[in-house]
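What follows is the residue order along each chain.
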Amino acid sequence: MIRWIIFVIVILFIEIYSFQAFRTVIKARPFLISYQVLSLLAIVFIIYSFTTFDRSVGQNKQSLFTLGLLLLIYIPKIVLTIIMFGEDVFRLSIGAIKYFVNNDPDVSNIPSRRKFISQIALGLAAIPFTSLIYGIFEGKYNYKVIKQAIYFPDLPDAFDGFKITQISDVHSGSFDNHEKINYAIDLVNEQESDIILFTGDIVNTHATEMDPWIDTFKRIKTPAFGKYSVLGNHDYGEYVNWPSQKDKADNFEAIKNIHGHIDFKLLLNENVTLQKGNDKIAIVGVENWGHNFKQAGDLAKASEGLSSNDFKILMSHDPSHWEYEVKNDEKHYHLTLSGHTHGLQFGIEIPGFFKWSPVQYIYKQWAGLYENVGRYVYVNRGFGFHAYPGRVGIWPEITVIELKKGKSVA
């Protein structure tokens, strides 16, 4: 109950200050009334959707729409509130100074709101508003192929130039456009890599989410060295309430079977050896291991039969696994491929110059390549989307990594 009271107070605070920005610039009464009515309807719908959310179903089209609407409305309004509240602090400060200087209770000492401040506020609020709209309708399918060469002095000679295509975080239950997904699959096939690796989260929760997309993902061509995958945190069905443990277990089995249906070999704490001529490398696949998330991954079991001298590529969904366990492991995992963060689906990237997202305050490794004493982790930004039905600045990614023999140039 206390949380709801706090929530209502915060919403009222934001709504009052947002309205002040519009009222200062636009005097037309019909517009202001319409604005208030639409704001009220929106918040009633959002509260209704959140309070009636079915924990046995999990994320669905309505929950995606609701969160998208919440962000679309309130991020711009928060921008308005910050600016308008800041102006009020300024006005009250000026008023207090004038009061003590003039010492005349009959004279208004507080300056009136300045129209140009409200205009600036509305202009700045329009930036996240239009960005979020673009993210919902276009950004979530704005696929980028990112190519990355990584050098290893101990890479077996035969694997110099070996190409890996990585995809991650499909979240098929969020998709709503077959044409766009088919385009992305075409991009995957166009890379003509030696192997394709998928690093988890094939669904949001339910195995049935993948039913409309089986034939689409089955179109991913199987390259010379195969297609391999691991599980992500969403693949365990732990974010909904199940009628019984049997239903949950059956769903988990069905999710594991999906990988076979699309011709991927699912690695469950195990490894496979790839041989090219007389040289070998190992692909190691662990179940999900995340800091503050499910820890089903067993690195020791997954690496049975391997030594520190073997060249190893580890597939581990959550990059926190690399931070907490992998990067200093005595078995020396040369390259870890992860996903999970999605780059929060929101941020700013200028390739080669600047990269920022709020998720970096949670994950040290959240998008792209990171290195620690010659050991690397690459964090894929995700193929799909989850919760917020869009992407702003952090685009969906298909990664192509080329292994090169030579001195590290990271």
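Quick note: structure is the one above.
Keep in mind that this is a model prediction, so the values were computed, not measured.

Engineer: I keep staring at unusual backbone geometry and nothing clicks. Help me out?
Structural biologist: Leaving glycine out, the prevailing phi sign among residues is negative, and the prevailing peptide bond configuration is trans. Backbone geometry places His 171, a non-glycine residue, at a positive phi of 50 degrees. Relative to the helices and strands, His 171 resides in the loop between β2 (162-167) and α5 (178-190). When its relative accessible area of 1% is taken as the criterion, His 171 is described as buried. Phi at Asp 201 takes a positive value of approximately 65 degrees, unusual for a residue other than glycine. Structurally, the position occupied by Asp 201 is in the loop between β3 (195-198) and α6 (214-218). Taking the relative accessible area as the measure of exposure, Asp 201 reaches 1% and is therefore buried.

Engineer: Looking at this model, I keep getting lost on the sheet that holds strand β13 (residues 375-379). Mind explaining?
Structural biologist: Overall, mixed pairing links the six strands, which are arranged β6-β7-β8-β9-β13-β12 in an open sheet. Looking at the sheet topology across the chains shown, the edges are occupied by β6 (270-276) and β12 (368-372). Each strand of the sheet is rotated relative to its neighbour by a mean of 20 degrees, with strand direction disregarded. As paired strands, strand β9 (residues 335-338) and β13 are joined by four bridges and run parallel to one another.

Engineer: Help me understand a nonpolar patch on the surface, please; the structure alone is not making it clear to me.
Structural biologist: On the surface, Ile 33, Val 37, Leu 38 and Leu 41 cluster together into a nonpolar patch covering about 370 Å² of accessible area. Residue placement: Leu 41 occurs in helix α2 (residues 29-51).

Engineer: Help me understand the pattern of salt bridges, please; the structure alone is not making it clear to me.
Structural biologist: Note that side chains of opposite charge can pair when their charged atoms are close. Under the definition given, this model contains 19 salt bridges. Notably, a salt bridge pairs Lys 327 with Glu 323, separated by 3.2 Å at the nearest N-O pair. A relative accessible area of 16% means that Lys 327 is categorised as buried. It is possible to trace a salt-bridge network through shared partners that takes in Glu 87, Asp 88, Arg 91, Arg 113 and Arg 114.

Engineer: How do you make sense of the side chain of Lys 77 when you look at a structure like this?
Structural biologist: On the secondary structure map, Lys 77 appears in helix α3 (residues 61-102). The buried category is assigned to Lys 77, whose relative accessible area is 7%. Lys 77 has contacts with Ile 14, Glu 15, Ser 18, Tyr 35 and Ser 39, leaving out every residue within four places of it along the chain.

What counts, and where the lines are drawn
Residues numbered from 1 in each chain as written. Predicted model: local features only at pLDDT ≥ 70, side-chain atom pairs only at ≥ 80, totals over all residues. Heavy atoms only, no water. Helix = DSSP H or I, 4+ residues; strand = E, 2+ residues; numbered from the N terminus. Buried < 20%, exposed > 50% of the residue type's maximum accessible area, 1.4 Å probe, protein only. Pairing = 2+ DSSP bridges. Axes fitted to C-alpha atoms, helices over the stretch in contact; angles between N-to-C directions. Patch = residues over 30% accessible without salt bridge, like charges linked within 9 Å, V, L, I, M, F, W, Y side chains within 5 Å. Areas by Shrake-Rupley, 256 points an atom, 1.4 Å probe, with all protein chains shown as cover. Salt bridge = Lys/Arg side-chain N within 4 Å of Asp/Glu carboxyl O. Contact = heavy atoms within 4.5 Å.

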